[in-house]
Amino acid sequence: MRVLVAGATSVPGLPLLRELNSRGHEVIGVTRSESKTSQIEAAGAKPVVADVFDADEIDNVVADAGPEVVVSLLTTLPKWGPKRPKDFDPAKKLWSIGAPNLVRAAQRNAVRRVVAESVVFAYGYPTSGPPVVDETNLYPGRRRRGATPCSRRCAAWSRPC
């Protein structure tokens, strides 16, 4: 099977390239950086340099590769993890512009499967009191499915959540 992996040099990207290659798949690894193409080759994949923020460029890459599956591992976070809301800004740009460009390219080129990575972070709890729940909406103006107003009470802690 021909698989295109966008974000191929990310933390999960290189191991995924190696695993797909070891299972006999034809793997194309997409990166923004020419300097990272050797890492993709070393993992057994064909490197392609492209920027997911450029819709036409990523559309051409998907069209040329002709993959059966597109895997989106698009993420960019600080080395030690996000500590403040603004640390998510580069990642939010990838998720709101780059990922949709990649999905649209897959749709236009009749790719039947798109797999996308998801990210969750957990931080330590305070030593006393209930855990802090952060339900930051990374896409302001859009209500998350299943979200309820914060006036409801958490049954476990009898406080707004």
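Structural data are supplied above this passage.
Residues numbered from 1 in each chain as written. Predicted model: local features only at pLDDT ≥ 70, side-chain atom pairs only at ≥ 80, totals over all residues. Heavy atoms only, no water.

Undergrad: Go over unusual backbone geometry with me, naming the residues and quoting the values.
TA: At Ala 110, a residue that is not glycine, the phi angle is positive and equals roughly 55 degrees. Inspection of the secondary structure puts Ala 110 in the loop between helix H4 (89–108) and strand S5 (113–116). Taking relative accessible area as the criterion, Ala 110 reaches 61% and is therefore assigned exposed. (Helix = DSSP H or I, 4+ residues; strand = E, 2+ residues; numbered from the N terminus. Buried < 20%, exposed > 50% of the residue type's maximum accessible area, 1.4 Å probe, protein only.)

Undergrad: Which residues make up helix H1 (residues 13–22), and what values go with them?
TA: Taken as a whole, H1 has its buried residues at Gly 13, Leu 14, Leu 17 and Leu 20. End-on view of H1: buried residues confined to an arc of 130 degrees, all on one side of the axis. Buried residues belonging to H1 abut strand S1 (2–6), strand S2 (26–31) and helix H2 (37–42). Downstream of H1 by a residue or two, Gly 24 has a phi angle that is positive, lying close to 90 degrees. (Arc of directions from axis to C-beta. Contact = heavy atoms within 4.5 Å.)

Undergrad: So what's going on with the environment of Ile 40? Residues and values would help.
TA: Among the secondary structure elements, Ile 40 is positioned in helix H2. On the basis of relative accessible area, Ile 40 is assigned to the buried category, the value being 0%. A C-alpha to C-alpha distance of 9.0 Å links Ile 40 and Arg 18, two positions 22 residues apart in sequence. Each residue touching Ile 40, except ones within four places of it in the same chain, is listed here: Ala 8, Thr 9, Leu 14, Leu 17, Gly 29, Thr 31, Ala 45, Lys 46 and Pro 47.

Undergrad: Could you give me a rundown of the pattern of salt bridges, with the residues and numbers involved?
TA: Any two side chains of opposite charge can pair, given that their charged atoms come close. Per the counting criterion, the structure on display carries four salt bridges. The partner of Arg 2 in a salt bridge is Glu 26, with the nearest N and O atoms 3.2 Å apart. Highlighted residues: Arg 2 in strand S1 and Glu 26 in strand S2, separated in sequence by 24 residues. Classification of Glu 26 by relative accessible area gives partly exposed; the value is 43%. Measuring nitrogen to oxygen at the nearest pair gives 3.5 Å for the salt bridge that ties Lys 92 to Asp 89. One end of the pair, Lys 92, and the other, Asp 89, are both in helix H4, three residues apart, so they sit about a helical turn from each other. Residue classification places Lys 92 among the partly exposed positions, given a relative accessible area of 25%. (Salt bridge = Lys/Arg side-chain N within 4 Å of Asp/Glu carboxyl O.)

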